Structure formats: structure tokens, C-alpha cells
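What the coordinates show
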Amino acid sequence: MQRRFSIAVACALALLLTGCSGGGNDPRAIVLNAAEQARAAGSEANAKAMDDGELTEDEYRAAARRYQECYRDQGIVLPEPVLSPVDNVTLEWDFPDTALSSGEETGKALEVCSSQWTPVSLAYGATHDQHTDPLLLDAARKCLKKEGFDTPDDAVRVADLIGDPNSDSGKQSTAAEKCLIAEAFKLYPDLPAVTVQY
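What counts, and at which threshold
- Residues numbered from 1 in each chain as written.
- Predicted model: local features only at pLDDT ≥ 70, side-chain atom pairs only at ≥ 80, totals over all residues.
- Heavy atoms only, no water.
- Core = buried A, V, L, I, M, F, W, Y, C linked by side-chain atoms within 4.5 Å.
- Buried < 20%, exposed > 50% of the residue type's maximum accessible area, 1.4 Å probe, protein only.
- Helix = DSSP H or I, 4+ residues; strand = E, 2+ residues; numbered from the N terminus.
- Contact = heavy atoms within 4.5 Å.
- pLDDT = per-residue confidence, 0-100.
- Expected span 1.5 Å × (residues − 1).
- Disulfide = S-S within 2.5 Å.

**Focus: the nonpolar core**
- By size, the foremost hydrophobic cluster in this structure holds 26 residues, and its most contacted members are Met-50, Leu-55, Tyr-67, Tyr-71, Trp-93, Trp-117 and Val-120.
- Listed by contribution, the elements that provide at least two residues to this core are α2 (27-40), α3 (44-50), α4 (57-72) and α6 (104-127).
- Among residues more than four places away in sequence, those in contact with Leu-55 are Val-31, Met-50, Tyr-60, Val-120, Ala-123, Tyr-124 and His-128.
- Among the nonpolar cores identified, the runner-up in size contains 22 residues, and Leu-136, Leu-137, Cys-143 and Ala-176 belong to it.

Here is the structure:
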């Protein structure tokens, strides 16, 4: 297993899901924009699931199964995803070495799989309540304290740890990302990846 992590910051999430079209934080607009992106990527099933402006857990899980099927069509078995302790919304995937070292043709096909899954994943994360596992939250807060950053006593999710990126040029949010990733891998050694999105 290779350790990987990815970080999706709020502005990148907004750009991907709204395309600067003014969807803002409106959950319905986010899901509808994600539907358009899934359709443009060639996944009519994912798009239809979001055409009503809502994305249920069942629809999210069904899209995850389609993502696995897309990989299976390329001869790659993608294991069952793990629910992330960072937000208890994101599904983390353990990509086998065959997926990471596939040839150019297979690599392009897998990019299509990802382009069909990503709008669903980001829309679900942006429109559902997130909360960090208490053990990880406590460890991340202690890590941030050592780095010189205070966090609110009532913190429950990633967004509560990042501070105001505009007031400190993103220093606390960068530190929060690093702390969450490091502490998540310490506390959950079998976690295949860590995604921090807010």
C-alpha cells in the first residue's frame, strides 16, 4: 500500500463545483453544477442522481460502486473505500499499484473514471454535515497548539481548525492541513489516504 494524501481547499472546491457561475454555498446549486460536470464527463447515471438538486447517501454510495466498476472495466480491482475520520463524509480509496503504474491507454481510461466520480464526491462533501472524529480532532488541536495556533473549544470539524486564511495569509490553514494529515496517519495506520477539504 502506498501512502497518499490530497488537500482540497475551499476555493478549489467552489471553482470546481460552481465554475465561477455564482452557485455560492447553496447546496442545490452545488449539486446541480456537479450533475452538469458528471454529465460532461460521460456519467449519465451520476448526473441523473443529482438532477433533482439533492445527493443522498444511497446515491453517493451508488456512484462509488460505479467508480469501482469503471476501474474493474480496466482490469483493476479497487477495494472498498473507507469513511474518512477527518470529516466522516469523504470516502478514501486504496489504489492498487496496478492503477498507479498502468500504461498510457489505461491511465487515460482511469482519468475518465475519476472525472466522473470527483463531482459527486466533492458535492457530497460540500452539502453534508462534516465532523471530525473526536480523537483526531483532539490530536490535531494539540498539534496546532504546538505550532502556535489557538482553536475554539467547541471545534467539531476541519473548518473550525483553519482560522481565517485572509488574516494570516493561510498560515493556520496550512498548519491545520499538515496536523490533520500527520495525526490521521498516526491514529489510523490502515487509512489508505487522507483528504482535507473545507
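**Structural notes on unusual backbone geometry**
- In the Ramachandran plot, Asn-88 falls in the positive-phi region, its phi being about 55 degrees despite a non-glycine side chain.
- You can see Asn-88 is positioned in the loop between β2 (82-83) and β3 (91-92).
- Even without glycine at this site, Ser-169 takes up a positive phi of about 55 degrees.
- Tracing the backbone shows Ser-169 in the loop between α7 (134-146) and α8 (171-187).

**Quick notes on the confidence of the model for the protein**
- Within the protein, residue pLDDT values average 87, and 86% of them lie at 70 or more.
- Note that residues 19-23 has pLDDT below 50 and, in this model, six contacts with residues that lie over four places away or in other chains.

**Some thoughts on α8**
- Given a rise of 1.5 Å per residue, 17 residues ought to cover 24 Å, and the 24 Å separating the end C-alpha atoms of α8 matches this to within 8%.
- When we look at burial in α8, the residues that qualify are Gln-172, Ser-173, Ala-175, Ala-176, Glu-177, Cys-179, Leu-180, Ile-181, Glu-183, Ala-184 and Phe-185.

**Observations regarding the state of the cysteines**
- In this structure the tally under the stated criterion is two disulfides.
- With its sulfur 2.0 Å from that of its partner, Cys-70 forms a disulfide with Cys-113. Across the disulfide from Cys-70 to Cys-113, rotation about the S-S bond amounts to roughly -85 degrees, and the bridge is consequently left-handed. In this pair, Cys-70 is assigned in helix α4 and Cys-113 in helix α6, connecting sequence segments 43 residues apart.
- The class of Cys-113 is buried, set by a relative accessible area of 1%.
- With its sulfur 2.1 Å from that of its partner, Cys-143 forms a disulfide with Cys-179. Between Cys-143 and Cys-179, the S-S dihedral sits near -70 degrees, and the bridge is therefore left-handed. With a gap of 36 residues between them, Cys-143 in helix α7 and Cys-179 in helix α8 connect regions that are remote in the sequence.
- The buried category is assigned to Cys-179, whose relative accessible area is 3%.
- Here the bonded cysteines of the protein are numbered in sequence order, and their pairing is 1-2, 3-4.

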